[in-house]
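Coordinate inspection notes
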There are 4 protein chains.
Amino acid sequence: MKKLNNIAVLTSGGDAPGMNAAVRAVVRTGIYHQLNVFGVMYGYRGILKNEIFPMESKSVANIIQRGGTILKTARCKEFYEYEGRKKAYENLKKHNIDGLVVIGGDGSFNGAQKFSQEFDIPCIGLPGTIDKDIAGTDFTIGFDTAVNTAIEAIDKIRDTADAHDRLFVIEVMGRDAGYIALHSGIATGAEHIMMPERKTELHDIIEELQANERRKKLVNLIVVAEGDETGGANEVARRIKESCPQLDTRVCILGHIQRGGSPTCTDRILASRMGYAAVDALLEGIHNVMIGIVNDKIHYTPLDKAVKAKQEIDPEWFKIVKILAS
Amino acid sequence: MKKLNNIAVLTSGGDAPGMNAAVRAVVRTGIYHQLNVFGVMYGYRGILKNEIFPMESKSVANIIQRGGTILKTARCKEFYEYEGRKKAYENLKKHNIDGLVVIGGDGSFNGAQKFSQEFDIPCIGLPGTIDKDIAGTDFTIGFDTAVNTAIEAIDKIRDTADAHDRLFVIEVMGRDAGYIALHSGIATGAEHIMMPERKTELHDIIEELQANERRKKLVNLIVVAEGDETGGANEVARRIKESCPQLDTRVCILGHIQRGGSPTCTDRILASRMGYAAVDALLEGIHNVMIGIVNDKIHYTPLDKAVKAKQEIDPEWFKIVKILAS
Amino acid sequence: MKKLNNIAVLTSGGDAPGMNAAVRAVVRTGIYHQLNVFGVMYGYRGILKNEIFPMESKSVANIIQRGGTILKTARCKEFYEYEGRKKAYENLKKHNIDGLVVIGGDGSFNGAQKFSQEFDIPCIGLPGTIDKDIAGTDFTIGFDTAVNTAIEAIDKIRDTADAHDRLFVIEVMGRDAGYIALHSGIATGAEHIMMPERKTELHDIIEELQANERRKKLVNLIVVAEGDETGGANEVARRIKESCPQLDTRVCILGHIQRGGSPTCTDRILASRMGYAAVDALLEGIHNVMIGIVNDKIHYTPLDKAVKAKQEIDPEWFKIVKILAS
Amino acid sequence: MKKLNNIAVLTSGGDAPGMNAAVRAVVRTGIYHQLNVFGVMYGYRGILKNEIFPMESKSVANIIQRGGTILKTARCKEFYEYEGRKKAYENLKKHNIDGLVVIGGDGSFNGAQKFSQEFDIPCIGLPGTIDKDIAGTDFTIGFDTAVNTAIEAIDKIRDTADAHDRLFVIEVMGRDAGYIALHSGIATGAEHIMMPERKTELHDIIEELQANERRKKLVNLIVVAEGDETGGANEVARRIKESCPQLDTRVCILGHIQRGGSPTCTDRILASRMGYAAVDALLEGIHNVMIGIVNDKIHYTPLDKAVKAKQEIDPEWFKIVKILAS
């Protein structure tokens, strides 16, 4: 096994709370093992632009609790092309980097996968995305924080919904996955949850809202994933208003607040553990895998299998939602 | 002076955090003075529908920290007409109510003003609105909580803006008043604040964004009051994108989360003090005024003067914003 | 199988955030299955004092987000004796109760176990304790909230530790178990974690603090579980001050704030799921078990096995703590 | 008037949330006026040790929302002596510093006052202390954040107090001043507030607790300022337990969490405004004053008058506390 000397770490794709905790773990575990650790700014773009700098233990002091990412992030089209990846390789080689840790989502892993097949720099992926929709891991860095941010916001909306007897249609993030909608909806006692994994019959919901109105249940929360096939909160509200003009219906789109904020305990520990495991894997010669946690154990998934995955959602959850919100 | 025996309290108009603390103060101060205190559900509508019920000290236990209003709130068109107010009077008289405390905004005071001129039930208004735009008081119940909710959200947005070098246009509440925009903008170091009290030259902002871009300052936050004459965050972003297509521009509309949540220390104390003062005023025969705080002292304003007031905003604040965000 | 008609639910032992969410789930799932659901105030004491009352769906509206427990809790010595349990049985029988859900810790399950052996009222236990030290479940209701409360507090302490270059010894809850210390310590980047599951050599810590001082690392956080064998934060600080009088050492005991507060998303979902499963179990004739979650699946543990369990803590965690805090 | 060229800023004494916002405002306002701005680490000690460094606009980016102080703080005995101050003067002169902004409490102003009398470097003080006990200003930087931190903690304690019917004695910061106790006590509906400004008759409180017990009011919160003459929460609880052994009495000392955390909107705006005004004052040749806010206007107080001041507390507040907690 080739001796490892210099590694680099970057964050890529959409940012997620806990990315800083992961960077900290990679840097300090690397230094502990007497590696030189380099940070790359702005994801793959920073490799191409040679924004690569040595990091010390102090560089990551006092960041475990910070949202965002001190390494910043960006999307980089050039890296999709072979020419771009070649240039990246050359820049990394200038620093003698022989291992790369990529914290990001499935798009970022796809790039890493190609790169590591073409060139002799092993890559390790860490799943950093609020959407939790990556195969090969039970949790992703940022999801727990995002849902907690969402429920704090929805609790506030319930206060005002309750004061006014209003119906709120609340849109949460999740272009392809409804986990944020599902978890935040259950946790706030939402009456309905709409998500891409499951066809929603809006007319059923409307009928139920009308039935609720008859029994004087006027406060209703509908949590919609942005990627739901009905087209998001504004469209849902428009169609409800059409059928139920007498309901006092409002829309709230939580938006980017779900990406920021200090990470929760779960996300900090998850990120720390995964960052530690990433360096461990590189040292042991395990290459081109994503680090996951499955049943509380470290689990490796080849990067080309670490794709966006619509997990089957147990239909019992929808029964629970219905029963508990009644 | 006629002896006071039975008073009623209601919340009216848009809800605001701290309304519960005010209700609690009215109820317990009333009981302390051996009055019977009645709660009215859903504002004036509740008087018309006779949703009036006796309250005890216990009825307001453990609510000082709750958002929303346990008495609920509603708008009531019937009360705008004399016939409606007459019916209201008759319902209040059935309970021998001889004093009414109305917690709400200028619209609610307008109703109370007419009512108290026509009928012999004195009214006291407490300014409960997140917008802080009522003449005769330095603070309104709910404003401090709303701006703190806004800055927590904007801090989160800055995390992600900073990770991606993005421009965010953030819309906060304030249809007629820009206080929430001004305070939350200063407190989060926003680069620009747009509010109805002051004409914004959007082309100046655009020029500055372009200058910022040239010096690589790409993270910019623009806080817009919903009532700004340019037409809100979506329109502002649209026009910026038109002129600066290369900027990564996003919109976030904070919306109703600003109305909910546990009130801040300032709002709880303000509400407690005002609720106490309201009963005091009724007992002393001071009628048909709004309770305000001016320079930390209780201040009475006749209800017909307690109107929506665009306070002059000291232009130095805009200089401060510009200097500190640079 | 005997038909189930009337069930009761109570909370017992130390309170934990999420108990209300669990009560809500039991009540609404029961009603959905056309059972009559009774609430018992103050745990077993309430059965003995006949503080048993019928609950409806509305009784648990708007509580999923509340800390504490609307059913209150208490410890009850009388229930430890056969005579007490007999009286409890008689009172439950007056209401024809044929199933009991007990939300609490191992002490409460012990009572339920004896009771259900002696009398023909089946019991289901739900693990509600911030300490997470119950055999047969990966999580307990309240733990996730407690650690998040702890890390928010410790983050604040780090702000001031950092401003002053101070050493803080922070005591978190956990009389028999160090999970709160372990999780909150990792998540806040604490330099040392002291917990009952593992003997701490204080002189090693002191030596390390002295080494840190030599290399100018003066900000240090030590997180101590209250049940650590050294005797808690005050004693630890006393001994450090003795050996390192030059360090600016402070103590902070987080105390009961760890029991309160709005539950996190994880705790609300956990409690909802467990409450739902408890009624399900009773309906299916599964008796005298605690509901747990193991590897994300519902898991039954006989009540007499649902005891306080010191889980083996993977020694790798201590290595991670050491490496990441360096 | 001598032209101002180079100014320095430091934070001194106990840290307070908002100090960073004040530093940011001083730095950016200075730069705007084409001054060179220097930061001093660790308060006066940093001047003596020559830990003085030039700051740019970027040095204070993204800190308005951070607790603690990036300039760190320390107490410095040497500066109490003339020799120390002379050395400080010489070090400042090495950098040609002709203006000094000191963010701290009355002790720090005392040093600044002596220094500015002895040497020709004008000083401006900004009141940064969570205790709010400085003459010449209605608010101090950090107070609003500290009370909001305290009420969030006390709300959590009330959850568990309420679940168990307990009496909690809660100690908040305030060695000489009871403002934190008073504000947090009112805002959380505490039954009793004990503070140094007012002699507490503990036997009266005990009698009332006994009366409450007779009418089954068992949940009681007592908020005690650490500087109360009875000797703090532990002593208060000890004496209550002596007289009322049947009450379930617990102690919680909030401690240093009150110093940290992200500043509130009020503290950020206050700090920004004061930092801006400090540079303004130096530029206008106003020297050796503390910047205060009185009735929402900037107010100058000579540094030797900016002493710890026990403001008279309006006795009506105690009446309000009593009435509202009943």
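Residues numbered from 1 in each chain as written. Chains lettered and ligands numbered in written order. Predicted model: local features only at pLDDT ≥ 70, side-chain atom pairs only at ≥ 80, totals over all residues. Heavy atoms only, no water.

Take the relation of the copies chain C and chain A next. With an RMSD of 0.0 Å, the operation that places chain C on chain A is a rotation of 180° combined with a shift of 0.0 Å along the axis. The superposition of one copy onto the other is thereby described by a two-fold rotation axis. Among all residues of chain C, the minimum C-alpha distance to the rotation axis is found for Asn295 of chain C, at 2.7 Å. Same-surface contact between copies: 100% of interface residues of chain C are shared with the interface of chain A. (Least-squares fit on C-alpha atoms with pLDDT ≥ 70 in both. Contact = heavy atoms within 4.5 Å.)

Another aspect to go through is the packing of aromatic side chains. Inspection of every chain in the model, using the stated rule, returns 20 aromatic pairs over all chains. With a centroid separation of 3.9 Å and an interplanar angle of 5°, the aromatic rings of Tyr44 of chain A and Phe79 of chain A are classed as stacked. In this pair, Tyr44 of chain A sits in helix H2 (residues 43-48) while Phe79 of chain A sits in the loop between strand E3 (52-55) and helix H3 (82-94), placing the two residues 35 residues apart along the sequence. Each member of the pair Tyr44 of chain A and Phe79 of chain A is classed as buried. Centre to centre, the rings of Tyr89 of chain D and Phe119 of chain D are 4.8 Å apart; their planes meet at 15°, and the pair counts as stacked. With a gap of 30 residues between them, Tyr89 of chain D in helix H3 (residues 82-94) and Phe119 of chain D in the loop between helix H4 (106-118) and strand E5 (123-127) connect regions that are remote in the sequence. The same class applies to Tyr89 of chain D and to Phe119 of chain D, which are both buried. Through successive ring pairs, a cluster of aromatic residues spans Tyr44, Phe79, Tyr82, Tyr89, Phe115 and Phe119 of chain A. Here the basic side chain of Arg45 of chain A rests over the ring of Tyr42 of chain A, its NZ or CZ set 4.4 Å away from the ring centre. If you follow Lys132 of chain C out to its NZ or CZ, it ends over the ring of Phe143 of chain C, 5.4 Å from the centre. (Phe/Tyr/Trp six-rings, centres within 6.5 Å; stacked < 30°, edge-to-face > 60°. Helix = DSSP H or I, 4+ residues; strand = E, 2+ residues; numbered from the N terminus. Buried < 20%, exposed > 50% of the residue type's maximum accessible area, 1.4 Å probe, protein only. Lys NZ or Arg CZ within 6 Å of the ring centre and 35° of its normal.)

Before going further, it helps to spend a moment on the interface of chain C and chain A. Facing 41 residues of chain C, the contacting portion of chain A comprises 41 residues. Of the roughly 3,500 Å² buried at the junction of chain C and chain A (both faces included), carbon and sulfur atoms supply 58%. For the chain C face of the interface with chain A, the top three residues by lost area are Tyr276, Ile323 and Leu324 of chain C, together amounting to 19%. The tally of links between chain C and chain A comes to two salt bridges. (Buried area = accessible area lost by both parts, 1.4 Å probe. Salt bridge = Lys/Arg side-chain N within 4 Å of Asp/Glu carboxyl O.)

Another aspect to go through is the environment of Asp176 of chain A. Residue and element names in this part refer to chain A. Locating Asp176 in the fold gives a position in the loop between strand E6 (167-172) and helix H6 (179-187). Since its relative accessible area comes to 36%, Asp176 is described here as partly exposed. For Asp176 and Glu197, which are 21 residues apart along the polypeptide, the C-alpha to C-alpha distance reads 8.2 Å. There is a polar contact of 3.4 Å between the side chain of Asp176 and the side chain of Lys308. (Polar contact = N/O pair within 3.5 Å; in protein donor to acceptor, adjacent residues only side chain to side chain.)

With that out of the way, let us pick up the domain arrangement of chain A. Accessible area lost on assembly of the parts is the figure often given for the size of an interface. All names here are of chain A. The domains assigned to chain A are domain 1 (6-142 + 263-305) and domain 2 (143-259). Here the C-alpha centre of domain 2 lies 35 Å away from the C-alpha centre of domain 1. The partner domain 2 presents 14 residues to the 16 residues of domain 1 that form the contact. Summed over both sides, the interface of domain 1 with domain 2 buries roughly 1,200 Å², with 55% coming from carbon and sulfur. Among the residues of domain 1 in contact with domain 2, Ile130, Asp131 and Lys132 are the three that bury the most area, contributing 46% of the side total. Put simply, domain 1 and domain 2 have zero salt bridges between them. Across the side of domain 1 that touches domain 2, the residue classes break down as five nonpolar, six polar and five charged. (Domains from an automatic or database assignment. Nonpolar A, V, L, I, M, F, W, Y, C, P; charged D, E, K, R; others polar.)

On the secondary structure map, Thr160 of chain C appears in helix H5 (residues 143-164). Here Asp15 of chain D takes part through its side chain, which lies 2.7 Å from a polar atom of the side chain of Thr160 of chain C. Non-local contacts of Thr160 of chain C, meaning those with residues more than four positions away in its chain, are made with Arg166 and Phe168 of chain C together with Asp15, His256 and Arg259 of chain D.

All right, on to the UniProt feature "domain: Phosphofructokinase" (unreviewed entry) in chain A then. Per the UniProt annotation, the sites labelled "domain: Phosphofructokinase" (unreviewed entry) are residues 6-282 of chain A. From the first C-alpha to the last, residues 6-282 of chain A spans 11 Å; its make-up is 43% helix and 17% strand. (UniProt positions renumbered as here; feature names shortened; annotations may be inferred.)

Residue and element names in this part refer to chain B. Within strand E6 (residues 167-172), six of the six residues are buried, which leaves the element mostly enclosed by the surrounding structure. Here E6 shows no split at all, with Leu167, Val169 and Glu171 on one side and Phe168, Ile170 and Val172 on the other all buried. By the bridge criterion, six bridges tie E6 to strand E8 (residues 220-225) in an arrangement that is parallel. Bridge pairing in E8 links Val169 to Ile222. Looking at chain direction, E6 and strand E9 (residues 249-253) are connected through five bridges and run parallel. Each bridged residue has a counterpart across the sheet, and for Val169 the counterpart in E9 is Val251. (Pairing = 2+ DSSP bridges.)

Okay, the sheet that holds strand E7 (residues 192-194) of chain B next. All names here are of chain B. Taken in spatial order, the four strands of this open sheet run E7-E8-E6-E9, and their pairing is parallel. Every interior strand has two partners, whereas the edge strands, E7 and E9, have only one. In this sheet, adjacent strand axes meet at a mean angle of 20° when their direction is disregarded. Bridge analysis of E7 against E8 gives three bridges, and the strand direction is parallel. What sits directly across from Ile193, in E8, is Val223. (Axes fitted to C-alpha atoms, helices over the stretch in contact; angles between N-to-C directions.)

What follows covers a positive patch on the surface. A contiguous patch of positive charge, built from Lys49, Lys87 and Lys94 of chain A together with Lys216 of chain B, is present on the exposed surface. Structurally, the position occupied by Lys94 of chain A is in helix H3. Of the residues examined, Lys94 of chain A reaches a relative accessible area of 58% and is grouped as exposed. (Patch = residues over 30% accessible without salt bridge, like charges linked within 9 Å, V, L, I, M, F, W, Y side chains within 5 Å. Areas by Shrake-Rupley, 256 points an atom, 1.4 Å probe, with all protein chains shown as cover. Lys, Arg positive; Asp, Glu negative; His and termini not counted. Charge placed at Lys NZ, Arg CZ, Asp CG, Glu CD.)

A few words on the pattern of salt bridges. What the rule picks out here adds up to 60 salt bridges over all chains. Its salt-bridge partner being Arg85 of chain D, residue Glu118 of chain D comes within 2.8 Å of it at the nearest N-O pair. Of this pair, Glu118 of chain D sits in helix H4 while Arg85 of chain D is found in helix H3, placing the two residues 33 residues apart along the sequence. Exposure remark for Arg85 of chain D: the relative accessible area of 5% places this residue in the buried category. One salt-bridge network, held together by shared partners, links Asp106, Asp133, Asp176 and Lys308 of chain A.

Glancing now at helix H9 (residues 265-283) of chain A. For H9 of chain A, which comprises 19 residues, the first-to-last C-alpha distance of 27 Å matches the rise-based estimate of 27 Å (1.5 Å per residue) to within 8%. Downstream of H9 of chain A by one or two residues, Gly285 of chain A has phi in the positive range, about 80°. (Expected span 1.5 Å × (residues − 1).)

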